[in-house]
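Each chain, written out:
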Amino acid sequence: MDLTLFQKPQVNLGRSTPGRMCLVSICAMMAILQSSLSGNDKWNSLFIALAAVAGTVGTELLFNLRDRYYSIKDGSALASALILTLLLPNQINPLYAFLGGVFAMAVLKHSFGGLGSNWINPAAGAWLFIRSAWPVAFNQSLEGGDLSRLAASVEGGLQDSMGSPLALLMINGWSNMPLDDMVSSFFNNTIFDFTGSFLPQGYLSLLSSSGPGIIADRGLLFLLLGTVLIAASQCFRFWAPAAFLFGFSLLVRIYGALPFGGPLWNGDVIFALFSGGTMAAAFILLTDPATGPRSMPGHAVFISLCVLFTFLFRYQGLDPYGAVTAVLLGNALVPLIRRTENACYYERRRRS
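Owing to the predicted nature of the structure, the values given are computational and were not obtained by experimental measurement. The residue numbers shown here count from 1 along each chain, following its written sequence. Only residues with pLDDT of 70 or above have their local features reported here, since the model is predicted, and side-chain atom pairs are shown and tallied only from 80 upward, although totals for entire chains, interfaces and linings are computed over all residues. Side-chain descriptors were evaluated using all non-hydrogen atoms of the structure, hydrogens and water having been removed beforehand.

Student: Help me out: how do you make sense of the overall build of the chain in this one?
Tutor: Check the secondary structure of the chain and you find 17 helices and zero strands. Atoms considered for the radius of gyration are the C-alpha atoms alone. The globule rule reads 2.2 Å times the number of residues to the power 0.38. Radius of gyration (C-alpha) of the chain: 21 Å, near the 20 Å computed for a compact globule of 352 residues. Projected onto its principal axes, the C-alpha positions of the chain cover 60 × 50 × 40 Å. Each residue is placed in one exposure class: buried if its accessible area under a 1.4 Å probe, protein chains only, is under 20% of its type's maximum, exposed if it is over 50%, and partly exposed if it falls in between. Residue burial in the chain is summarised as follows: out of 352 residues, 51% are buried. The helix and strand labels rest on DSSP assignments: H or I over at least four residues marks a helix, E over at least two residues marks a strand, and numbering proceeds from the N terminus.

This is how it looks when you write it as structure tokens:
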């Protein structure tokens, strides 16, 4: 029996490729719509999404006409465009989203043989392409955002005795939404009052950011609702994002306050999870079946590397969106993991 490691698709899940792509697209679109309706976006998030879709779908159609194979029906081009949109700043020029969409399909997908043969997630690779090719435009579109101000504060030597990133943001003029104060006070005076715990104000504001930032963070509330939908539909191994979030939370809890001037075991886990595209990386990028290992031990190694890279990039390298970079670096190491899997599992089974 042929047990070739690199046959397509790499992983067989409960849902078909079109079904999975449809659910991922719905999840991403929910967050894009929330971002479009938040703050002073003026529907720019939606225009970015339309430009990205034009780039990916148009390029996919050109390759389909050449190959006489209509892979566009699987929905991967649309899903890649919407995932790319989640990772882009809401104030960036839509032209960059279009160019990123073309790059994702032409270079990262079809130049490697199409869906299932790409070595990194096309949307994440396109995000890196845009960020590297036009760094000034990318960074300018994030100016004034929460994470850019936080990074500037830390680089300028500003610290908080408890190591709270929200405290540093408030020093720079960041304020909660009125609804945040009302909801936090309600829970503190009712549910949390009986348990002796306390919910600090500010965290609910992270679910619907109104300032500049990547669209995944601005539409976090609807993105979380979307991840519940795709998790319930068994589109991926649920333990994978759960393990990633647990491992990252543990590192943040132990060491996350140190860059902000706080002590050990005082890192702000909620802030880490609700910012920097962490949820999009965990539930969408990390679970891509084409760019991950096949075996359970291989996934454990892959996830552990992504956890470590995410923490180092965000809390040592001060890269606000280190989670996306970490998954890309993890993708680059997957061929080595698969080679080990092949030697340890599949070749051994073939010989036996």
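Student: Even after reading the chapter, I still don't get the packing of helix 1 (residues 17–37) against helix 12 (residues 220–232), so can you show me in this structure?
Tutor: To characterise two packed helices, one gives the angle between the axes of the helices and the distance between these axes. Direction vectors running N to C along helix 1 and helix 12 enclose 165 degrees, while the axes themselves pass 7 Å from each other. As judged from the angle between their axes, helix 1 and helix 12 are roughly antiparallel. For the crossing formed where helix 1 meets helix 12, the hand is right-handed. Touching Leu-23, Val-24, Ile-26, Cys-27, Met-30, Ala-31 and Gln-34 of helix 1 are Leu-220, Leu-221, Phe-222, Leu-223, Leu-225, Gly-226, Thr-227, Leu-229 and Ile-230, all from helix 12. Considering only residue class, the contact of helix 1 with helix 12 consists of 13 nonpolar, three polar and no charged. Lines are fitted to the C-alpha atoms to define the axes, a helix being fitted only along its stretch in contact, and any angle between axes, read from their N-to-C directions, falls within 0 to 180 degrees. An angle counts as roughly parallel when it lies under 35 degrees, as roughly antiparallel when it exceeds 145, as roughly perpendicular when it falls between 65 and 115, and as oblique in every other case. Two helices crossing with the near one rotated counterclockwise from the far one by less than a right angle form a left-handed crossing, whereas a clockwise rotation gives a right-handed crossing. Only heavy atoms enter the contact rule, under which two residues are in contact if any of them lie within 4.5 Å. All amino acids are sorted into three groups, where Ala, Val, Leu, Ile, Met, Phe, Trp, Tyr, Cys and Pro are nonpolar, Asp, Glu, Lys and Arg are charged, and the leftover types, Gly among them, are polar.

Student: Help me understand helix 16 (residues 296–315) in this model?
Tutor: In an α-helix, one full turn covers 3.6 residues, which means residues spaced three or four apart are oriented alike. A helix is expected to reach a length of 1.5 Å times the quantity of its residues less one. In this model, helix 16 (20 residues) spans 28 Å end to end at C-alpha, consistent with the 28 Å of a helix rising 1.5 Å per residue. Among the residues of helix 16, Gly-298, His-299, Phe-302, Ile-303, Cys-306, Val-307, Phe-309, Thr-310, Phe-311, Arg-314 and Tyr-315 are the ones counted as buried. Throughout this description, a polar contact denotes any pair of N or O atoms lying within 3.5 Å of each other; where both atoms belong to protein, one of them has to be capable of donating a hydrogen while the other can accept it, and for residues adjacent in sequence the pair is counted only when both atoms sit in side chains. By the N-cap criterion, in which a side-chain oxygen at the helix start approaches the backbone nitrogen of a residue two or three places on, helix 16 is capped by Ser-295, the distance to Gly-298 being 3.1 Å.

Student: Looking at this model, I keep getting lost on the side chain of Asp-74. Mind explaining?
Tutor: Relative to the assigned elements, Asp-74 resides in the loop between helix 2 (44–67) and helix 3 (76–87). Comment: no salt bridge for buried Asp-74; closest opposite-charge side chain is Lys-109, at 4.6 Å. At 2.8 Å, the side chain of Asp-74 forms a polar contact with the side chain of Ser-76. Beyond its immediate sequence surroundings of up to four residues, Asp-74 is in contact with Thr-17, Pro-18, Met-21 and Leu-115. Counted charges follow a simple rule, with Lys and Arg positive, Asp and Glu negative, and His plus the chain ends left uncounted. The salt bridge criterion pairs a side-chain nitrogen of Lys or Arg with a carboxyl oxygen of Asp or Glu, the two atoms within 4 Å.

Student: In this structure, what is going on with the packing of aromatic side chains? I would like to understand it.
Tutor: Only the six-membered ring of Trp is used, alongside the rings of Phe and Tyr, when aromatic pairs are assigned; centres must lie within 6.5 Å, and planes under 30 degrees apart are stacked while those over 60 apart are edge-to-face, with the rest tilted. Taken as a whole and judged by the stated rule, the model has eleven aromatic pairs. Residues Trp-127 and Phe-138 carry aromatic rings whose centres are separated by 6.3 Å and whose planes lie at 80 degrees to one another, so their mutual orientation is edge-to-face. Residue Trp-127 is located in helix 5 (residues 122–133), and its partner Phe-138 is located in helix 6 (residues 135–140); the two are separated by eleven residues in the primary sequence. Take Trp-127 and Phe-138: they sit in the same class, and that class is buried. Here the aromatic residues Phe-244, Phe-248, Tyr-255, Phe-260, Phe-311 and Tyr-315 are joined through ring pairs into a cluster of three or more.

Student: Is there a simple way to think about the pattern of salt bridges in this case?
Tutor: Note on pairing: side chains with opposite charge can pair once their charged atoms come close. Evaluation of the coordinates by the stated rule reveals four salt bridges. The salt bridge involving Asp-41 is made with Arg-218; its shortest N-O contact spans 3.7 Å. Here the residue Asp-41 occupies a position in the loop between helix 1 and helix 2, and Arg-218 occupies one in helix 11 (residues 215–218), the gap between them amounting to 177 residues. For the residue pair Asp-41 and Arg-218, the accessibility class agrees, reading buried in each case.

Student: When you look at helix 7 (residues 146–155) in this model, what are you seeing that I'm missing?
Tutor: Among all positions of helix 7, only Asp-146, Leu-147, Leu-150, Ala-151, Ser-153 and Val-154 are buried. Viewed along the axis of helix 7, the buried residues span an arc of 160 degrees, placing them on a single side of the element. On its buried face, helix 7 sits against helix 8 (165–171), helix 11, helix 14 (269–273) and helix 16. Working note: the arc is built from the helix axis to C-beta atom directions.

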